[in-house]
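Summary of structural features
Residue-level listing of the chains:
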Amino acid sequence: MTESHGSSASQVRRIALDAAGVPMSALLAEAPGSPRAVIVAIHGGGMSAGYFDSRARPGLSLMTLGAELGYTVLAVDRPGYGSSAEHLPDGQGVLEQADTLHAALADFARDRDIGGGFFFLAHSNGGKLALAAGARTGEHPLIGLDISGLGSRLAVGPHQLPGSNGHGEWRRHWGALRLYPPDAFRLGRSLVSPVPAREAQEGPLWPELYPGFAALVQVPVRFTFAEQEQWWHFDEEAIAALRRPLAAPRVAVDHQPDAGHNISLGWAARTYHLRALAFLEECLLAHDAAPPRPVRRKVVTRLAASVDAFDEGPDRQGGRAAGRAAPRLA
């Protein structure tokens, strides 16, 4: 079942995914022809997939921009939001959300071209899910993670965080009102959803959970902090602490001027989205230009040298490769 809405430049439609028995709703925008990759957009706490399809002004929607530039954009309603809310009335913890997301993406890719693979573009609490899912091995390639509005050191007390009984100190989501088009607040009312209880309970634990996930992420990661980010510390000490546990081959930390926490709803949305897509292109370039793996070259040499190398090389190499594999979270 799909429902369409959008502009002449690009069509955005609502789709349903089967996440191993959990129904998940999502918004989908597709480029004509084969996509370069699939951008999986993951909203924050108390929001919904429409966060990435701002219609306050032309050009602010990630959905339409991504499709115009040759990507498929899939904005999911996280577990406990959208159509899964009835099935998961209390939501899920971040580890369970990661399993549910991977199941939904496997369903999505079953009969669709995903180009170079999946790229997670996540906001706020959605960044926690992106890191947790990125720490696990899915069925399809993961290109990289681009996360805004999330750090590892809270700038507020636990009682100030959004919860199942409200959105906490809601002004911290926005910063100065001048950073947003006037229509953003009127249109934004339809995007707001209750924060599931389990997500709210886990919120204060993120500083303790983060290092474990970060140590297992094996793809490039980019963090962006808005100029008026008010939920997380992002001074030099906090950024060093954010970088320290990451096992990613590349880590970038950027700052977005003229923006509050909800970057994708503000005037800076297009600027931020273009920067995120540039990072995606850099991840694709690094993959395309990467030299052959040394282990693969050794195997080829042995194959050319003798039949014995052909018989024994794969067993020896397979054992070593298995020994280096990143541990999976239970």
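Here we summarise the structure given alongside this text. (Residues numbered from 1 in each chain as written. Predicted model: local features only at pLDDT ≥ 70, side-chain atom pairs only at ≥ 80, totals over all residues. Heavy atoms only, no water.)

Moving on: the overall build of the protein. In terms of helices and strands, the protein carries ten helices and nine strands. Buried positions account for 52% of the 330 residues belonging to the protein. Of all intrachain contacts in the protein linking residues separated by at least 6 positions in sequence, the fraction that spans at least 24 positions is 77%. Just so you have it, the protein exposes about 15200 Å², and 54% of that area is on carbon and sulfur atoms. (Helix = DSSP H or I, 4+ residues; strand = E, 2+ residues; numbered from the N terminus. Buried < 20%, exposed > 50% of the residue type's maximum accessible area, 1.4 Å probe, protein only. Contact = heavy atoms within 4.5 Å. Areas by Shrake-Rupley, 256 points an atom, 1.4 Å probe, with all protein chains shown as cover.)

All right, on to the side chain of Ser 264 then. Relative to the helices and strands, Ser 264 is located in the loop between strand 9 (251-260) and helix 8 (269-289). Engagement of the side chain of Ser 264 in a polar contact is seen with the side chain of His 273, the distance being 2.8 Å. With near-sequence residues (within four places) excluded, Ser 264 lies in contact with Tyr 51, Phe 52, Ser 54, Leu 60, Ala 269, Tyr 272 and His 273. (Polar contact = N/O pair within 3.5 Å; in protein donor to acceptor, adjacent residues only side chain to side chain.)

So, on to the pattern of salt bridges. Within this structure, the stated rule accounts for 15 salt bridges. Here Glu 199 and Arg 78 are joined by a salt bridge, their closest N and O atoms 2.9 Å apart. Residue Glu 199 is located in helix 5 (residues 197-202), and its partner Arg 78 is located in the loop between strand 5 (72-76) and helix 2 (94-109); the two are separated by 121 residues in the primary sequence. When sorted by exposure, Glu 199 lands in the same class as Arg 78, which is buried. For Arg 136, the salt bridge identified is with Asp 99, shortest N-O distance 2.3 Å. Residue Arg 136 is located in the loop between helix 3 (125-134) and strand 7 (142-148), and its partner Asp 99 is located in helix 2; the two are separated by 37 residues in the primary sequence. Residues joined by salt bridges that share partners form a network here, namely Arg 57, Asp 183 and Arg 186. (Salt bridge = Lys/Arg side-chain N within 4 Å of Asp/Glu carboxyl O.)

Among the nonpolar cores identified, the biggest contains 54 residues, and Leu 74 and Phe 120 are the most heavily contacted of them. Considering each element in turn, this core owes the most residues, seven residues, to helix 2. Filtering out sequence-adjacent residues up to four positions away, Phe 120 remains in contact with Val 40, Ile 42, Leu 101, Leu 105, Ala 130, Ala 133, Gly 134, Leu 142, Gly 144, Leu 145 and Asp 146. (Core = buried A, V, L, I, M, F, W, Y, C linked by side-chain atoms within 4.5 Å.)

So, on to the packing of aromatic side chains. By the definition in use, this model includes eight aromatic pairs. One aromatic cluster is present, built from ring pairs that chain together Trp 174, Tyr 180 and Phe 185. (Phe/Tyr/Trp six-rings, centres within 6.5 Å; stacked < 30°, edge-to-face > 60°.)

One can describe the packing of helix 3 onto helix 6 (residues 206-214) by two numbers: an axis separation of 9 Å at closest approach and a directional angle of 30°. It follows from the interaxial angle that helix 3 and helix 6 lie roughly parallel. Helix 3 and helix 6 meet at a crossing whose hand is left-handed. Of the residues in helix 6, those touching helix 3 at Lys 128, Leu 131 and Ala 132 are Trp 206, Tyr 210 and Phe 213. Looking at the contact of helix 3 with helix 6, its residues break down into five nonpolar, no polar and one charged. (Axes fitted to C-alpha atoms, helices over the stretch in contact; angles between N-to-C directions. Parallel < 35°, antiparallel > 145°, perpendicular 65-115°, else oblique. Left-handed = near helix turned anticlockwise from the far one by under 90°. Nonpolar A, V, L, I, M, F, W, Y, C, P; charged D, E, K, R; others polar.)

Restricting attention to buried positions, one finds in helix 7 (residues 236-243) the residues Ala 238, Ile 239, Ala 241 and Leu 242. The arc enclosing the buried residues of helix 7, seen along the axis, measures out at 160°, which places them on a common side. Seen from the buried face of helix 7, the exposed residues on the opposite side, beyond 90 degrees, are Glu 236 and Glu 237. Packed against the buried residues of helix 7 are helix 6, strand 8 (221-228) and strand 9. Here helix 7 starts with a cap whose side-chain oxygen sits 3.1 Å from the backbone nitrogen of Glu 237, and that cap is Asp 235. (Arc of directions from axis to C-beta.)

The buried count for strand 5 comes to five of five residues, which makes it a mostly enclosed element. Of the two faces of strand 5, the one lined by Thr 72, Leu 74 and Val 76 and the one lined by Val 73 and Ala 75 are each fully buried. Where strand 3 (residues 22-29) lies against strand 5, four bridges are found, and the strand directions are antiparallel. Looking at the pairing, Leu 27 lines up with Ala 75 of strand 5. Where strand 4 (residues 38-42) meets strand 5, five bridges bridge the pair, whose relative direction is parallel. Counted as the bridge partner of Ala 41 is Ala 75 from strand 5. (Pairing = 2+ DSSP bridges.)

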